[in-house]
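Here are the chains, one letter per residue:
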Amino acid sequence: MRHLLQSLNPPPQLLNPPSPPPTSHSHSHSPPPPPQKLIFRRDLAISTISLPFLLPSPSYAQPNTGEDVTTDNCGNQTSIQKAFMDISIDSQPIGRILIGLYKDTAPLGVSRFISLLTGAAGISYRRKEFIRIMPNYIQHGGVRSYGVDAELTRKKGGNVDKAEGGLVAEWEAAEEWCKGTRNTAGTVGIIVRDPLKPGPKMKLVARKGRLEIDEEEVGKEPNGTEFVIAVKDAPELDASTLVVGKVLLGMEVVESVALVKTVQENTSSPYFRVAKLIGDKRAVVAERGFNRPYSKIIITNCGLLE
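- If you check an unreviewed UniProt entry, the chain appears there as Cyclophilin-type peptidyl-prolyl cis-trans isomerase protein from Dioscorea alata.

Rendered as structure tokens:
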């Protein structure tokens, strides 16, 4: 290496070699000596490009982005109780899903989920369908707050909507202690709010001879019975879903459901966009059918495991 550096940095006397002594010729006129060729440092720098493998590589410091790395506790949950669901597609059984429930971190949500698995609410998930298949999750339709489902619940002295407010509060608490993605692959969550729901509409009302400004709710929030199972990490669900457990066994069953063919989404169609813009009810009905499975996917049996 020393010889190499010497070759790349020759001594000063070689950069400007001395001129030969003039010869004394009284009658000859010799031409002047050629101008000295100067070697600049730039020339030496260029010459080193042909030998990059002999020179040490520079080290670069990583830039400081100023972003703090957040460590969350989303995955540090322990399942205490276990539940099961037997699934069929077009009356053909495809397997069982075993779910561990997070009773410590989501007690109200787990209690709600169990009451619908066991039928303690007066109605259960049995014979109920999965209604939507998205790229990252599958969604179950839950039970209705009207019709036969509501009537069966009332006969048992229950109310389908009774836990709605508490579930939202529990979802808000989970949002505080878990800053990362909560709906990761395999998690099971209850849909407790609609992030696309518009805010309350302001209106004037007459009370005791005075006009007052009041708020009118637009649309209805979910009743807390629909649930989703994440096939992949689904951060888009964090704005609406309270995680109550995770699949312990049977993810292959979940993935089989996710592969069922669905109604193609058509929101990019200009006809659909115009119809939605002018409030055409046909657009609303069509939108409800997007991503709906063509096959009938139901829970044939469900409950708790001892």
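That was the structure; now back to the text.
**Remarks on the side chain of Glu170**
Thinking step 1. As for its placement among the helices and strands, Glu170 is situated in helix H6 (residues 164-177).
Thinking step 2. Here Leu108 takes part through its backbone nitrogen, which lies 3.0 Å from a polar atom of the side chain of Glu170.
Thinking step 3. Among all residues touching Glu170, those that are not within four sequence positions of it are Ala106, Pro107, Leu108, Gly109 and Leu242.

**Considerations on helix H4 (residues 107-118)**
Thinking step 1. For H4, spanning 12 residues, the distance from its first C-alpha to its last is 16 Å, which sits close to the expected 16 Å at 1.5 Å a residue.
Thinking step 2. Looking at H4, one finds that the buried residues are Gly109, Val110, Arg112, Phe113, Ile114, Ser115, Leu116 and Leu117.
Thinking step 3. Looking one or two residues beyond H4, the residue adopting positive phi is Gly119, at roughly 90°.

**Here we look at the environment of Val244**
Thinking step 1. With respect to the secondary-structure elements, Val244 resides in strand E9 (residues 241-249).
Thinking step 2. Residue Val244 is classed as buried on the basis of its relative accessible area of 0%.
Thinking step 3. On a C-alpha basis, the gap between Val244 and Gly189 in space is 5.3 Å, while along the polypeptide they are 55 residues apart.
Thinking step 4. Apart from residues lying up to four places away in sequence, Val244 is in contact with Gly100, Leu101, Tyr102, Gly109, Val110, Phe113, Val188, Gly189 and Ile190.

**Focus: the packing of aromatic side chains**
Thinking step 1. Under the counting rule described, the total for this entry stands at 4 aromatic pairs.
Thinking step 2. Here the aromatic rings of Phe130 and Phe227 are separated by 5.9 Å at their centres, their planes lie at 80°, and the arrangement is edge-to-face. Of this pair, Phe130 sits in strand E3 (residues 130-133) while Phe227 is found in strand E8 (residues 227-230), placing the two residues 97 residues apart along the sequence. Summarising the burial analysis for this pair, Phe130 and Phe227 share the class buried.
Thinking step 3. Taken together through their ring pairs, the aromatic side chains of Phe113, Tyr125, Phe130 and Phe227 make up a single cluster.

**Thoughts on a nonpolar patch on the surface**
Thinking step 1. On the surface, a cluster of nonpolar side chains totalling about 480 Å² of accessible area is made up of Met202, Leu204, Leu211 and Ile213.
Thinking step 2. At the level of secondary structure, the elements contributing two or more residues to the nonpolar patch comprise strand E6 (201-207) and strand E7 (210-216).
Thinking step 3. Inspection of the secondary structure puts Ile213 in strand E7.

**Re the nonpolar core**
Thinking step 1. Grouped together as the largest cluster of nonpolar side chains are 39 residues, with contacts concentrated most on Met85, Ile87, Phe113 and Phe227.
Thinking step 2. Top element by residues in this core is H4. It accounts for 5 residues.
Thinking step 3. With sequence-adjacent residues up to four places away left out, Phe227 is seen in contact with Met85, Phe113, Tyr125, Phe130, Ile138, Gln139, His140, Val188, Gly189, Ile190, Ile191 and Ile299.

**Describing the pairing of strand E4 (residues 137-140)**
Thinking step 1. Residue alternation in E4 divides its side chains into two sets, Tyr137 and Gln139 and Ile138 and His140, and both sets are buried.
Thinking step 2. If you look at the hairpin formed by E3 and E4, you'll find 3 residues sitting between the two strands.
Thinking step 3. In this structure, E4 lies alongside E8, joined through 4 bridges in antiparallel fashion. In the sheet register, Ile138 faces E8, and the bridge partner there is Ile229.

**Looking at the sheet that holds E4**
Thinking step 1. The strand order across the open sheet built from 8 strands is E3-E4-E8-E5-E9-E2-E1-E10, with neighbouring strands paired in antiparallel fashion. The sheet terminates laterally at E3 and strand E10 (297-305), the two strands that pair on one side only. Going from strand to strand, the sheet's axes swing by 30° on average, the running direction of each strand aside.
Thinking step 2. Across 8 bridges, the pairing between strand E1 (residues 81-89) and E10 is antiparallel. Paired with Met85 across the two strands is Cys302, which belongs to E10.
Thinking step 3. Where H4 meets the sheet, its contacts fall on E1, strand E2 (92-101), strand E5 (187-191), E8, E9 and E10, and the angle it forms with E1 comes to roughly 50°.

**Focus on the pairing of E9**
Thinking step 1. Sheet topology places E2 next to E9; 4 bridges connect them, and they run antiparallel. Across the sheet, Ile99 pairs through a bridge with Val247, a residue of E9.
Thinking step 2. Of the pairings in the sheet, the one linking E5 to E9 comprises 5 bridges and is antiparallel in character. Bridge pairing in E9 links Thr187 to Lys246.

**Quick word on the pattern of salt bridges**
Thinking step 1. One pass over the full model with this rule turns up 5 salt bridges.
Thinking step 2. Between Lys128 and Asp149 there is a salt bridge, with the nearest N and O atoms lying 2.8 Å from each other. Here Asp149 lies in helix H5 (residues 147-155) and Lys128 lies in the loop between H4 and E3, a separation of 21 residues in the sequence. Note on accessibility: Lys128 and Asp149 belong to one class, buried.
Thinking step 3. With a shortest N-O distance of 3.8 Å, Glu176 and Lys179 are connected by a salt bridge.
Thinking step 4. Looking at Lys179, the relative accessible area reads 53%, which means it is exposed.

Rules of the game
- Residues numbered from 1 in each chain as written.
- Predicted model: local features only at pLDDT ≥ 70, side-chain atom pairs only at ≥ 80, totals over all residues.
- Heavy atoms only, no water.
- Helix = DSSP H or I, 4+ residues; strand = E, 2+ residues; numbered from the N terminus.
- Polar contact = N/O pair within 3.5 Å; in protein donor to acceptor, adjacent residues only side chain to side chain.
- Contact = heavy atoms within 4.5 Å.
- Expected span 1.5 Å × (residues − 1).
- Buried < 20%, exposed > 50% of the residue type's maximum accessible area, 1.4 Å probe, protein only.
- Phe/Tyr/Trp six-rings, centres within 6.5 Å; stacked < 30°, edge-to-face > 60°.
- Patch = residues over 30% accessible without salt bridge, like charges linked within 9 Å, V, L, I, M, F, W, Y side chains within 5 Å.
- Areas by Shrake-Rupley, 256 points an atom, 1.4 Å probe, with all protein chains shown as cover.
- Salt bridge = Lys/Arg side-chain N within 4 Å of Asp/Glu carboxyl O.
- Core = buried A, V, L, I, M, F, W, Y, C linked by side-chain atoms within 4.5 Å.
- Pairing = 2+ DSSP bridges.
- Axes fitted to C-alpha atoms, helices over the stretch in contact; angles between N-to-C directions.

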